[in-house]
There are 2 protein chains.
Amino acid sequence: MTNISHSDLAAFIARCLGACGMPAADADRVGGMMARADLMGQEGHGVFRLPMYIQRIRAGGMNMSPEFKVVSDRTATALIDGDNGMGHLVMHHATELAMEKARNAGVAWVGARHSNHAGPASLYAMMPAQEDMIGIYMAVASANHMPPWGGTEMLLGTNPIAIALPSDKFPPIVLDMATTVAAYGKVKTAALKGEQMPEGWMVDRNGAPLTDPTKSADGFLLPIGGPKGYGLSLIFGILAGVLNGAAFGRDVVDFNADAVSTTNTGHMILALDIKAFTDPDTFRADIDAVWTQMKSSETLSGVDEVRLPGERMHSVTQTRLKDGIPLPEALREKLGLMADDLGVAPL
Amino acid sequence: MTNISHSDLAAFIARCLGACGMPAADADRVGGMMARADLMGQEGHGVFRLPMYIQRIRAGGMNMSPEFKVVSDRTATALIDGDNGMGHLVMHHATELAMEKARNAGVAWVGARHSNHAGPASLYAMMPAQEDMIGIYMAVASANHMPPWGGTEMLLGTNPIAIALPSDKFPPIVLDMATTVAAYGKVKTAALKGEQMPEGWMVDRNGAPLTDPTKSADGFLLPIGGPKGYGLSLIFGILAGVLNGAAFGRDVVDFNADAVSTTNTGHMILALDIKAFTDPDTFRADIDAVWTQMKSSETLSGVDEVRLPGERMHSVTQTRLKDGIPLPEALREKLGLMADDLGVAPL
């Protein structure tokens, strides 16, 4: 492991993307956002993804000069066509628009189509939370790993939701979750480490527990709460995908397997202005009181303390701001080869 | 079992509420909505609740002549104070306001405080879906049955969400779910039937599986997906409760145990105008295509077909519109005694 600062990592990502033809301002923005995913401890959505993004860019599968079009516009809504641009840019733009509209109308819902994988859901939900708003983000996942409940055809993804709420002295409350028990990245990690998966993550095509992650292609992920998580995945996919004219179901392109076809990824972001309901300072104090109350619960034996959603992410962020972001040697080597190939300075 | 028509059941509920001092128009509205819960197969939220509501009304725990106040108003948001009125009336009013605002702005979010138990979540989510809109409803449950994840103090409820999406030839997609694996009503039903609960519904205070429903007071409900369902319950409770100045956590009044104290129940409803994103006919056809695609999946052995959220509710509704609503004799007797007591004609 070597530790890298957020700014060094962001600059590295930016120069790789710049070498692929991304305009400098866009490359800087994406570099900062991807490095922020690593900073928050969401390594599965940070620089780890860069080689795959660059493979897609070089294969012509993403547009480096997208022109975002507002397809449909109302006082508190918009639908954006991302012109096959990088998902981070599309959703940064969509989130800023949602915040601007929410400042005026109280709430706003902005959908996007013709976007791409945009990194961790919490990046976008947290933008409104930094400006006295509540953020809610949903996306159609970039590959299908789950059948409808009772079925065996993988028509649904881990379709995630993130919700972020601002606080005062305590960290913001940030829930960022897949609608499956485990995200697919956890399965890949278990396979890499040679570990077995617990029962409940996956089943095989006969519905029997599948615990060997090297056999993950023979089974599928399970939704949280059985039919409930299936319903959430289905509906988040409709709200982020179908409603926006984005890919859903059999139309979803597996971006791991296919670097060329346009993914037409869909997302949505909602921004809610807290001032439309209460004084933001009161709300922040109320969220602190929620922290205090949950923390005050006695715990089950073996549990040191109750945690709140976003707590671990916040403490990882603080540690990494101070000590840097640990990069596994294997990943660093892979990124080094990629930098050579692109003719840019390595990390 | 005796079968009762929706209109007869609605009229019975209305005359009981009228005898308690509820104005006739309000009593008719609540009667229709409560009987609709039974019609949809949500018996736990229908006439079964009437004795409890009436006990609260007679104890002075609910206001029969509430004046709804708009505490805060923006183009696409509002916060309503329900003046301790019946939850059905508060949320019917809030949902109509949200739909009116969404028609203008594209989306609207209306919160409510000083409300009461409002019956099944899907009642409100389905109102926008009948007018080319998408409905999303959340509520703070009217009693706490779940600790924060890892804790033992019951600070959270089954805080539900309902989302409804209009369709064309197929039924609307309607998800209506508690954030716990089982709603508390299912535990009560198992106890009444003398059945054991499956593992996974509840644990005792040591975290061990609790399967005897007569011992439910010794344990608590489990959230779907462990910490994920805890996060959803916490955040739905904040969005429907804390944001609106409604009760949350230790301030929640257990409406089963206390018929007098003001509950200050909180809810929220979001209405999204489909026309702000796409042609509603296109969207309805797209939802039909989602139905067809999910249904076309091969199934696990032993599963006859894939189902969609809201499918069972729709078929129960169709059957009961034709054959009437089956009422268990014990409930009918209880309602008969109540009618005598109120001096109104029985069912």
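Residues numbered from 1 in each chain as written. Chains lettered and ligands numbered in written order. Predicted model: local features only at pLDDT ≥ 70, side-chain atom pairs only at ≥ 80, totals over all residues. Heavy atoms only, no water.

Colleague: Explain the packing of aromatic side chains to me, and be specific about the residues and the numbers.
Modeller: All names here are of chain A. Under the defined criterion, the tally for this structure stands at four aromatic pairs over all chains. Where Phe170 meets Trp291, the ring centres are 5.3 Å apart and the plane angle is 10 degrees; that geometry is what we call stacked. Here Phe170, found in the loop between β6 (161-165) and β7 (173-177), pairs with Trp291, found in helix α8 (residues 280-295); they are 121 residues apart in sequence, far enough to count as distant. (Phe/Tyr/Trp six-rings, centres within 6.5 Å; stacked < 30°, edge-to-face > 60°. Helix = DSSP H or I, 4+ residues; strand = E, 2+ residues; numbered from the N terminus.)

Colleague: Before we move on, can you summarise the state of the cysteines with the specific residues and values?
Modeller: All names here are of chain A. For the structure on display, the rule yields zero disulfides over all chains. Unpaired in terms of disulfides, Cys16 finds its nearest cysteine sulfur in Cys20, a separation of 7.2 Å. Classification of Cys16 by relative accessible area gives buried; the value is 0%. (Disulfide = S-S within 2.5 Å. Buried < 20%, exposed > 50% of the residue type's maximum accessible area, 1.4 Å probe, protein only.)

Colleague: Before we move on, could you go through the relation of the copies chain A and chain B and cite the residues and values that matter?
Modeller: With an RMSD of 0.0 Å, the fit of chain A onto chain B corresponds to turning through 180 degrees and sliding 0.0 Å along the axis. Here the copies are linked by what is in effect a two-fold axis. When you check the interface residues of chain A against chain B, 100% turn up at the interface there too, and the contact is symmetric in its surfaces. (Least-squares fit on C-alpha atoms with pLDDT ≥ 70 in both. Contact = heavy atoms within 4.5 Å.)

Colleague: Tell me about the interface of chain A and chain B, residues and numbers included.
Modeller: With 78 residues of chain A in contact, the opposing surface of chain B contributes 78 residues. Surface buried jointly by chain A and chain B totals about 6,100 Å² across both partners, of which 72% is contributed by carbon and sulfur atoms. Considering only the surface of chain A that becomes buried against chain B, Arg74(A), Lys228(A) and Phe277(A) emerge as the three largest contributors, covering 12% of it. Where chain A packs against chain B, one counts two salt bridges. Residue Arg74(B) pairs with Asp273(A) through a salt bridge whose shortest N-O separation is 3.0 Å. (Buried area = accessible area lost by both parts, 1.4 Å probe. Salt bridge = Lys/Arg side-chain N within 4 Å of Asp/Glu carboxyl O.)

Colleague: How would you sum up the domain arrangement of chain A? Please name residues and give values.
Modeller: Frequently, the measure chosen for interface size is the accessible area that the parts lose on association. All names here are of chain A. Partitioning chain A into structural domains gives domain 1 (1-58 + 327-347), domain 2 (63-180 + 223-278) and domain 3 (186-221). Its C-alpha centre places domain 2 at a distance of 27 Å from the equivalent point of domain 3. Facing the ten residues of domain 2 at the interface are five residues of domain 3. Summing both sides of the interface, domain 2 and domain 3 together bury roughly 530 Å²; the carbon and sulfur share of this comes to 63%. For domain 2, the biggest contributors to the area lost against domain 3 are His145, Thr152 and Met154; these three give 57% of the whole. Taken together, the connections running from domain 2 to domain 3 amount to zero salt bridges. Inspection of the region where domain 2 meets domain 3 yields one residue pair in polar contact (both at pLDDT 80 or more). Grouping the amino acids of the side of domain 2 that touches domain 3 by side-chain chemistry returns four nonpolar, six polar and no charged. (Domains from an automatic or database assignment. Polar contact = N/O pair within 3.5 Å; in protein donor to acceptor, adjacent residues only side chain to side chain. Nonpolar A, V, L, I, M, F, W, Y, C, P; charged D, E, K, R; others polar.)

Colleague: Go over helix α1 (residues 6-19) of chain B with me, naming the residues and quoting the values.
Modeller: Residue and element names in this part refer to chain B. Between its first and last C-alpha atoms α1 spans 20 Å; for 14 residues at 1.5 Å apiece the expected length is 20 Å, and the two agree. Of the residues making up α1, those classed as buried are Leu9, Ala10, Phe12, Ile13, Ala14, Cys16 and Leu17. Contact partners of the buried residues in α1: β1 (2-4), α2 (24-39), α3 (50-58), β12 (325-327) and α10 (329-342). (Expected span 1.5 Å × (residues − 1).)

Colleague: Describe unusual backbone geometry, with residues and values.
Modeller: Residue and element names in this part refer to chain A. The backbone phi angle of Asn84 is positive, close to 60 degrees, even though this residue is not glycine. Counting through the fold element by element, Asn84 comes out in the loop between β3 (77-81) and α4 (87-105). Asn84 gets classed as buried once you look at its relative accessible area, which sits at 11%. The phi torsion at Asn264 lies on the positive side, around 45 degrees, for a residue other than glycine. By secondary structure assignment, the location of Asn264 is in the loop between α7 (227-240) and β11 (265-273).

Colleague: Explain the pattern of salt bridges to me, and be specific about the residues and the numbers.
Modeller: On inspection of all chains with the given rule, the structure shows 29 salt bridges over all chains. Across the salt bridge formed by Asp81(A) and Arg113(A), the nearest N and O atoms sit 3.6 Å from each other. In this pair, Asp81(A) sits in strand β3 while Arg113(A) sits in strand β4 (residues 107-115), placing the two residues 32 residues apart along the sequence. What makes Asp81(A) buried here is its relative accessible area of 10%. Note that Asp323(B) and Lys322(B) form a salt bridge whose closest N and O atoms lie 3.7 Å from each other. One network of salt bridges, in which partners are shared, links Lys295(A), Asp304(A), Glu305(A), Arg307(A) and Glu311(A).

Colleague: Explain the sheet that holds strand β8 (residues 202-204) of chain B residue by residue, including any values.
Modeller: Pairing between sheet strands relies on hydrogen bonds along the backbone, with the strands arranged either parallel or antiparallel. Residues and elements named next belong to chain B. One open sheet holds the three strands; their spatial order is β9-β8-β10, and the pairing between them is antiparallel. Of all strands in the sheet, those with a lone pairing partner are β9 (209-210) and β10 (219-221), marking the two edges. One ladder, built from three bridges, connects β8 with β10; its direction is antiparallel. Bridge assignment links Asp204 to a residue of β10, and that residue is Gly219. (Pairing = 2+ DSSP bridges.)

Colleague: I'd like a rundown of the side chain of Thr265(B), residues and numbers included.
Modeller: Mapping Thr265(B) onto the fold places it in strand β11 (residues 265-273). Not counting residues within four places of it along the chain, the set of residues in contact with Thr265(B) comprises Ala112(B), Arg113(B), His114(B), Ser115(B), Asn116(B), His117(B), Val140(B), Ser142(B) and Ala246(B).

Colleague: An account of the sheet that holds strand β8 (residues 202-204) of chain A is needed here, citing residue identities and associated values.
Modeller: Here we have three strands laid out as an open sheet, ordered β9-β8-β10 (chain A), and antiparallel in their pairing. Each end of this open sheet is capped by a strand with a single partner; those strands are β9 (209-210) and β10 (219-221) of chain A.

Colleague: An account of the packing of α8(A) against helix α7 (residues 227-240) of chain B is requested, with residue identities and associated values reported.
Modeller: Where α8(A) meets α7(B), the closest approach of the two axes is 12 Å, and the angle between their N-to-C directions is 145 degrees. As for the relative orientation of α8(A) and α7(B), their crossing is right-handed in sense. Across the interface between the two elements, Phe283(A), Ile287(A), Val290(A) and Met294(A) of α8(A) pack against Tyr230(B), Leu234(B) and Ile238(B) of α7(B). For the contact of α8(A) with α7(B), a count of residues per class yields seven nonpolar, no polar and no charged. (Axes fitted to C-alpha atoms, helices over the stretch in contact; angles between N-to-C directions. Left-handed = near helix turned anticlockwise from the far one by under 90°.)

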